[in-house]
Amino acid sequence: MTRKEAAHVVSVLVAALALVHCIHRFSGTQVLAADKPASNPPVNMAIAAPVAEAPLPSHVYEMREMIMTAVRSGRIEDLTTAIDWNEMPPELGAAIGADPIDHLRKLSADGAGREILAVLDNLLQSAPAVLPIGLDAENNSVYVWPAVSEAKLDQLTPAQEVALYRLMPVVQAKALQAAKKWTWWRLAIAADGTWLTFMKGE
């Protein structure tokens, strides 16, 4: 795959993620655990009723671990390994040509990127939702953290509200629920391990 083709694939998947979010088809998304890989990806990727937590596919787990390695180091620069792993970098909301690490560092309130690493830690310690929006049969799922970002925010269960409060103060969470729109951070990894996006919702 050429760099141009890879860029197109990422842009299509990111657009599909945004579209699925906008039309609120998330209340039945599958939720998977983030603490260990599966020997094989789940076979049935259709949107289903919520299920018990299950292991991540191996490629998704490996990318998550690369990101978590940087989190554990406390150095935003260590995200370079995960960012450069695929042919095209993830969509981070940076300007064209901008250095992704510098971009994330500037977004971090502490100025060193550690707040961003804390956000990544909070997201990836939770379970993701699974969206069937991939481009082909072998890569037809996208894993999105946090799972609550793909739920109907005005119809959260008590457990989902607890998950939400782990990510942000209650006042901010209530405002988000009232707006019925996810505007906090979201991260997505394709089933083949491609890190697709990490940025705030609009």
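Sequence order as written defines residue numbering, which begins from 1 separately in each chain. Owing to the predicted nature of the model, reporting of local features is limited to residues with pLDDT of at least 70; listing and counting of side-chain atom pairs is limited to 80 or more, with chain, interface and lining totals taken over all residues. Computation of side-chain values: all heavy atoms of the structure, hydrogens and water removed.

## A short note on the pattern of salt bridges
Part 1 of the reasoning: For this document, the term salt bridge refers to a Lys or Arg side-chain nitrogen within 4 Å of an Asp or Glu carboxyl oxygen. Under the definition given, this model contains 7 salt bridges.
Part 2 of the reasoning: Taken together, the salt bridges that share partners define one network made up of R64, E65 and R72.

## Points about the pairing of strand β7 (residues 195-200)
Part 1 of the reasoning: Note: two strands are recorded as paired if DSSP finds a minimum of 2 bridges between them. In this description a helix means any DSSP run of H or I spanning at least four residues, a strand means any run of E spanning at least two, and both kinds are numbered starting from the N terminus. Note that strand β6 (residues 185-190) and β7 share 5 bridges and pair antiparallel. Bridge assignment links L187 to a residue of β7, and that residue is F198.
Part 2 of the reasoning: From the end of β6 to the start of β7, which pair antiparallel, there are 4 residues, and G193 there has a positive phi angle of about 95°.

## Considerations on the side chain of T194
Part 1 of the reasoning: For T194, the position within the fold is in the loop between β6 and β7.
Part 2 of the reasoning: For T194, a relative accessible area of 14% translates into the label buried.
Part 3 of the reasoning: Any N or O atom pair separated by 3.5 Å or less is treated as a polar contact, with the protein-specific requirement of one donor-capable and one acceptor-capable atom, and with residues adjacent in sequence counted only for side-chain atom pairs. Only 2.9 Å separates the side chain of T194 from the side chain of D192, close enough to count as a polar contact.
Part 4 of the reasoning: Not counting the four nearest positions on each side in its chain, T194 is found in contact with N86, A188 and I189. Type-normalised accessible area, obtained with a 1.4 Å probe on protein chains alone, sets the label of each residue: buried when under 20%, exposed when over 50%, and partly exposed for intermediate values. The contact definition used throughout considers only heavy atoms, calling two residues in contact when any of these lie within 4.5 Å.

## Re the nonpolar core
Part 1 of the reasoning: Counting residues in each nonpolar core, the largest one holds 41 residues, and the members touching the most others are I67, L79, L187, W195 and F198.
Part 2 of the reasoning: Beyond its immediate stretch of four places on either side in the chain, L187 contacts I67, L120, L123, L124, Y143, V144, W145, W195, T197 and F198.
Part 3 of the reasoning: We call a set of buried residues a nonpolar core when its members are Ala, Val, Leu, Ile, Met, Phe, Trp, Tyr or Cys and they connect through side-chain atoms within 4.5 Å of each other. Formed by 7 residues, the second largest nonpolar core is a distinct cluster that contains L131, I133, V144 and L196.

## Thoughts on the environment of W145
Part 1 of the reasoning: Locating W145 in the fold gives a position in strand β5 (residues 142-145).
Part 2 of the reasoning: Sequence separation of W145 and S126 is 19 residues, and the distance between their C-alpha atoms is 7.2 Å.
Part 3 of the reasoning: Within the structure, W145 has its side chain in polar contact with the backbone oxygen of S126 (distance 3.1 Å).

## Focus on helix α5 (residues 114-124)
Part 1 of the reasoning: For α5, the set of buried residues is I116, L117, V119, L120, L123 and L124. End-on view of α5: buried residues confined to an arc of 155°, all on one side of the axis.
Part 2 of the reasoning: Contacts made by the buried residues of α5 are with α2 (58-73), α4 (100-107), β5, β6 and β7. What the arc describes is the spread of directions from the helix axis to the C-beta atoms.

## So, the packing of aromatic side chains
Part 1 of the reasoning: Two rings belonging to Phe, Tyr or Trp (six-membered ring only in the last case) form a pair when the distance between their centres is within 6.5 Å. Interplanar angles under 30 degrees mark stacking, angles over 60 mark edge-to-face geometry, and anything in between is tilted. This structure, assessed with the given rule, holds 1 aromatic pair.
Part 2 of the reasoning: Centre to centre, the rings of W185 and F198 are 4.6 Å apart; their planes meet at 20°, and the pair counts as stacked. On the criterion of sequence distance, the pair formed by W185 in strand β6 and F198 in strand β7 is long-range, its members being 13 residues apart.
Part 3 of the reasoning: F198 gets classed as buried once you look at its relative accessible area, which sits at 0%.

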